[in-house]
Amino acid sequence: MEHRNILNAALLWTLSLILVLVPILTFAQEQSSSPPSAVAPAAPSTGAAPASAAAAPQAKIDKGDNAWMLTSAALVLMMTIPGLFLFYGGLVRGKNVLGTIMHSFIIVALISIQWVLWGYSLAFGPDQGGIIGSLAWLGLNGVGADPNPDYAATIPHQTFMIYQLMFAIITPALITGTFAERVKFSTFIVFILLWATFIYDPLAHWVWGKGGWMGVNGGMGALDFAGGTVVHISSGVSALVAALMFGKRIGYPQEAMPPHNLPLSVIGASLLWVGWFGFNAGSALAADGLATSAFVATNTATAAATLSWMAMDWIFRGKPTVLGAASGAVAGLVAITPASGFVGPISAIWIGIAGGVVCSIACSLKPKLGYDDSLDVVGVHGMGGIVGALATGLFASKAVNPAGNDGLFFGNPGQLWIQFVAVIATWILAIVGTVVILSILKAIMGLRVTNEEETMGLDLSQHNERAYE
C-alpha cells in the first residue's frame with residue numbers, strides 16, 4: 001500500500017510539472033512567431049459536410065455568429081457544471097455526492113489546461129495521415145482572433161477552439177458515472193488526462209479535424225453533427241470497459257442503492273436539456289437557419305424520448321417514474337446529437353422514440369448482464385449514441401442540409417454503411433485505448449478505494465468532507 005501511495009504522489013507531481021513546464025516551453029515560441037498570415041478562403045467545416053469551394057464564404061468575422069458561438073460554448077459548459085454533476089450527484093448515495101460532483105468540477109479545470117497546451121492541437125491541428133493533428137498549435141500558438149476557414153470562416157479561431165473545448169470537457173465527465181462510488185481520486189485524475197489525450201483527441205480529429213479519415217472534412221463522409229461518435233459512443237463504450245475492470249460496488253446488486261436526492265437529478269437533467277441547444281444548434285457554427293433546424297430537431301427528439309421512456313415504465317413497471325422521464329430526456333438528447341443538423345422534425349420524433357425505447361431496455365438488462373455501471377452511462381450514452389449514429393444513416397436528408405448527405409430512407413443506402421463503419425471504428429479505439437490505460441493504472445496505482453474507504457463513502461475517504469450534517 002505504501003509503495004502505491006508513493007507512486008500516486010509521483011504521478012501527481014509529474015502531472016503538475018507538465019502543466020507548469022509546457023506553458024514556459026511554448027512561451028518563447030509564441031513570442032517569436034509572427035501573427036498568423038491571411039489564409040485563402042476555403043470550405044468551412046461544421047458538423048455538416050463542407051460546401052463546395054466555390055460557395056465558401058470569405059473568412060470574415062460576423063459579430064452575430066461570434067456572439068451565438070460564445071453563448072453556445074457557455075451553454076455546453078453549463079451541461080457539465082452544474083448540469084451533469086447535479087444529475088449524477090443526485091443519483092448516488094448521500095455519502096458519495098461530493099465525490100461525484102468533484103469529478104465533473106475538476107474535469108473542467110483539468111481538460112481546460114490540457115486543451116490549451118496540447119489537446120486542441122492534437123484534435124484540430126494540421127493533419128498527420130488522417131489520424132491525428134500535429135503539435136503545430138501547441139499552447140495555442142497561431143490560434144488567435146482571425147478566423148480559420150478550414151473550420152469556421154465567420155468566427156475567430158479562438159472562439160471555435162473554446163467551443164470545442166466544452167465538448168472535450170463533457171465527454172470524459174460522462175464516463176465518471178460508471179465508476180462512481182468506488183474510484184480512487186488520484187487514479188481518476190490520471191485516467192482522465194490519458195483518456196482525453198489518447199482517445200478523445202484522435203477521435204475528434206478523425207471525425208471533425210481537417211483531413212481526418214472518418215468525417216466529411218476530407219474523410220470517408222461519416223455524418224456526426226455534434227458528437228454521436230466522438231462524445232457519446234466513445235464515452236459509453238469506455239464506460240463499459242471501466243465497469244468491467246473496476247468491478248462491482250460492495251453489496252451490488254443484493255443491496256438497494258437508490259438515488260439519494262432525485263429532485264437534484266431532475267434539476268440536472270433539465271439543465272442538460274437547456275444546455276444541449278448550445279451543443280447541437282451551436283454545431284452549425286453560425287447563427288443561421290441550420291442552427292434553427294438543429295434546435296427544433298433537438299427539442300422534438302428529446303420530447304419524444306421523454307414520453308417513450310415514460311411509456312416503457314408505465315407498461316412494464318406499472319407506474320410512470322420521474323427518474324424514467326428524466327433519463328428519457330437525456331437519452332433523446334444523446335440520440336439526436338449526430339443527426340440534429342441533418343433531419344427534420346418528423347424524423348427527429350422517430351429518432352427520439354427509438355432512443356427512449358432502446359435505452360430503457362438497455363438499462364433494464366444491466367442486472368441480467370452482470371456488470372455494475374453505477375449511473376447507466378452504457379445504457380444511455382453508449383446505446384443512445386449508436387441509435388443516433390445509425391439513425392443518421394437512415395434519416396439524413398439534403399433537403400434539410402444540402403451540405404450533408406441523404407440517408408437510406410432518402411435514396412442513399414451507402415450512407416448507412418458509412419455510419420456503421422464509423423460506429424465500429426469508434427468502438428475499437430475506445431475499447432482498446434481504455435483497456436490499455438486502465439490496465440497500466442491498475443498495475444501502478446490501483447483503480448478502487450479500499451473496502452473500508454468505499455463503505456465510509458468517497459466524500460470522507462477521498463475529500464474529508466460531508467455533503468450533509
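Cut-offs used in this document
The written sequence of each chain sets the order in which its residues are numbered from 1. Only residues with pLDDT of at least 70 are given local features in this predicted model, and only at 80 or more are side-chain atom pairs given and counted; all residues enter the totals for whole chains, interfaces and linings. To obtain the side-chain values, all non-hydrogen atoms of the structure were used and water was disregarded. Only protein atoms enter the 1 Å grid, on which a cavity is a set of points fitting a 1.4 Å probe that cannot get out and a pocket is an open set with protein on both sides within 12 Å along at least 5 of 7 lines, lining residues being those with an atom within 4 Å of a point. Grid points are joined across faces, edges and corners, and a volume is the space filled by probe spheres set on the points. In this description a helix means any DSSP run of H or I spanning at least four residues, a strand means any run of E spanning at least two, and both kinds are numbered starting from the N terminus. Multiplying 1.5 Å by the residue count of a helix minus one yields the expected span of that helix. The buried label goes to any residue with under 20% of its type's maximum accessible area, the exposed label to any with over 50%, and the partly exposed label to all in between, with areas taken from a 1.4 Å probe on protein chains only. The contact criterion used throughout is that any non-hydrogen atoms of two residues lie within 4.5 Å. For every residue, the predictor states its confidence as a pLDDT score lying anywhere from 0 to 100. Salt bridges, as used here, are contacts in which a Lys or Arg side-chain nitrogen is within 4 Å of a carboxyl oxygen on Asp or Glu. Note that patches include only residues with greater than 30% relative accessible area and no salt bridge, and the join distances are 9 Å for like charges and 5 Å for nonpolar side chains (Val, Leu, Ile, Met, Phe, Trp, Tyr). Accessible areas in this description were obtained via Shrake-Rupley with a 1.4 Å probe; residue shielding takes into account the shown protein chains only. Every angle, taken between N-to-C directions, lies between 0 and 180 degrees, and every axis is a line fitted to C-alpha atoms, over only the stretch in contact when it is a helix. Angles below 35 degrees are treated as roughly parallel, those above 145 as roughly antiparallel, those between 65 and 115 as roughly perpendicular, and all remaining angles as oblique. Left-handed describes a crossing in which the near helix is turned anticlockwise from the far one by less than a right angle; the clockwise case is right-handed.

## So, the layout of surface pockets
Taken as a whole, the largest pocket spans an internal volume of roughly 670 Å³. Secondary-structure elements contributing two or more residues to the lining of the largest pocket are α2 (63-91), α8 (289-317), α9 (322-336), α10 (345-369) and α11 (377-395). Looking at the lining of the largest pocket, the element that brings in the most residues is α10, giving 5 residues.

## Quick notes on α10
Along its 25 residues, α10 runs 35 Å from first to last C-alpha, staying within 8% of the 36 Å computed at 1.5 Å per residue. Within the sequence span of α10, burial applies to Ser347, Ala348, Ile351, Gly352, Gly355, Gly356, Cys359, Ser360, Ala362, Cys363 and Lys366. Each element contacted by the buried residues of α10 is listed here: α8, α9 and α11. Two residues or fewer past α10, Gly370 is found with a positive phi of approximately 85°.

## Points about the confidence of the model for the chain
Considering every residue of the chain, the mean pLDDT works out to 91; 88% of them sit at 70 or more. For residues 16-56, every residue scores under 50 in pLDDT, and the model assigns this stretch 61 contacts once sequence neighbours within four places are set aside.

## Some remarks on the pattern of salt bridges
Applying the stated criterion across every chain, the model contains 8 salt bridges. Where Asp372 meets Arg249, a salt bridge forms, and the shortest distance between an N and an O atom there is 2.9 Å. Here Asp372 is found in the loop between α10 and α11, whereas its partner Arg249 is found in the loop between α6 (228-246) and α7 (262-280), with 123 residues between them in sequence. Looking at Asp372, the relative accessible area reads 0%, which means it is buried. Owing to a relative accessible area of 7%, Arg249 belongs among the buried residues under this scheme. The residue Lys366 makes a salt bridge to Asp376 at a minimum N-O spacing of 3.1 Å. Of this pair, Lys366 sits in helix α10 while Asp376 sits in the loop between α10 and α11, and the two are 10 residues apart along the sequence.

## Some remarks on α6
For α6, built from 19 residues, the straight-helix expectation of 27 Å at 1.5 Å per residue is met to within 8% by its first-to-last C-alpha distance of 25 Å. For α6, the tally of buried residues reaches 16 of 19 residues, placing the bulk of the element in the interior. Gly247, located one to two residues past α6, shows a positive phi value of around 80°.

## Overview of a nonpolar patch on the surface
On the surface, a nonpolar cluster with roughly 850 Å² of combined accessible area is contributed by Trp417, Phe420, Ile424, Ile428, Ile431, Val432, Val435, Val436, Ile440 and Ile444. Along the polypeptide, Val436 turns up in helix α12 (residues 414-444).

## Observations concerning the environment of Gly221
Note on placement: Gly221 falls in the loop between α5 (185-208) and α6. The exposure class assigned to Gly221 is buried, which follows from its relative accessible area of 17%. Considering only alpha carbons, one finds Gly221 and Val207, 14 residues apart in sequence, at a separation of 8.8 Å. If we skip the residues at most four places from it in the chain, Gly221 touches Met214, Gly215, Val216, Gln415, Ile418 and Gln419.

## Regarding the side chain of Thr302
Structurally, Thr302 is set in helix α8. Not counting chain neighbours up to four residues away, the residues in contact with Thr302 comprise Trp273, Ala329, Gly332 and Leu333.

## A short note on the side chain of Ser308
Among the structural elements, Ser308 can be located in helix α8. Classification of Ser308 by relative accessible area gives buried; the value is 9%. When sequence neighbours within four positions are dropped, the list of residues in contact with Ser308 reads Gly352, Ile353, Gly356 and Val357.

## Observations regarding the packing of α7 against α9
It is the contact of α7 with α9, at a shortest axis distance of 10 Å, that shows an interaxial angle of 20°. Here α9 runs roughly parallel to α7, going by the angle between their axes. The interaxial crossing formed by α7 with α9 has left-handed handedness. Contacts between α7 and α9 involve Leu262, Val266, Ala269, Leu272, Trp273, Trp276 and Asn280 on the former and, on the latter, Val322, Leu323, Ala326, Ala329, Val330, Leu333, Val334 and Ile336.

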